[in-house]
Amino acid sequence: MASLLSAPSLFAGSLVPFLIFLWYAKRSQRFPSLAWWGFAATLVFVLITVVAGGVAQLRFGQQLADVDPLHGGAEAFLTASNLLVALGFAQAGHQRKTTGKAPDKT
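Residues numbered from 1 in each chain as written. Predicted model: local features only at pLDDT ≥ 70, side-chain atom pairs only at ≥ 80, totals over all residues. Heavy atoms only, no water.

(A) Layout of the overall build of the protein chain. Helix and strand counts for the protein chain stand at 3 helices and 0 strands. Reading the helices (α) and strands (β) of the protein chain from amino to carboxyl end gives α-α-α. At 17 Å, the protein chain has a C-alpha radius of gyration far larger than the 13 Å of a compact globule built from 106 residues. Along the longest, intermediate and shortest principal axes, the C-alpha atoms of the protein chain span 55 × 35 × 15 Å. Classification of the 106 residues of the protein chain by burial places 22% in the buried group. (Helix = DSSP H or I, 4+ residues; strand = E, 2+ residues; numbered from the N terminus. Rg over C-alpha atoms; globule rule 2.2 N^0.38 Å. Buried < 20%, exposed > 50% of the residue type's maximum accessible area, 1.4 Å probe, protein only.)

(B) Structural view of the side chain of Ser81. Looking at the secondary structure, you find Ser81 in helix α3 (residues 68–99). A relative accessible area of 1% means that Ser81 is categorised as buried. With residues near it in sequence (within four places) discarded, Ser81 still touches Gly38, Ala41 and Thr42. (Contact = heavy atoms within 4.5 Å.)

(C) Seen up close, the environment of Ala56. Among the structural elements, Ala56 can be located in helix α2 (residues 33–60). By relative accessible area, which is 0% here, Ala56 ends up buried. Filtering out sequence-adjacent residues up to four positions away, Ala56 remains in contact with Gly61, Gln62, Gln63, Leu64, Val67 and Leu70.

(D) Focus on the nonpolar core. Formed by Leu22, Ala25, Phe31, Trp36, Phe39, Ala40 and Val85, the largest nonpolar core amounts to 7 residues. At the level of secondary structure, the elements contributing two or more residues to this core comprise α1 (7–28) and α2. (Core = buried A, V, L, I, M, F, W, Y, C linked by side-chain atoms within 4.5 Å.)

If you want it as structure tokens, here you go:
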């Protein structure tokens with residue numbers, strides 16, 4: 001039971017619902033394109049975090065949170081993806097407000 005609740009197992013399991021969400025968001029065509037790309041960019045953050053965590057462990061013998069340059073660099077990608085999501089929905093809201101039409105979709 002402990003192996004099912006390990007961090008890597010939980011982490012891998014959390015990707016499945018997120019990939020389903022991305023699929024639904026793309027298929028529903030209700031998400032602004034920029035916002036969808038922001039959500040998809042979150043996967044880049046995940047990949048970079050995994051790599052940076054490995055480097056922190058192998059090179060410095062510490063967890064990622066304890067190696068500030070690596071941790072900050074990885075978190076910058078999360079900030080960028082969140083910015084894309086926020087800008088995408090803001091742009092869509094502005095477009096809907098000014099034109100009365102639904103924005104471009106994914």
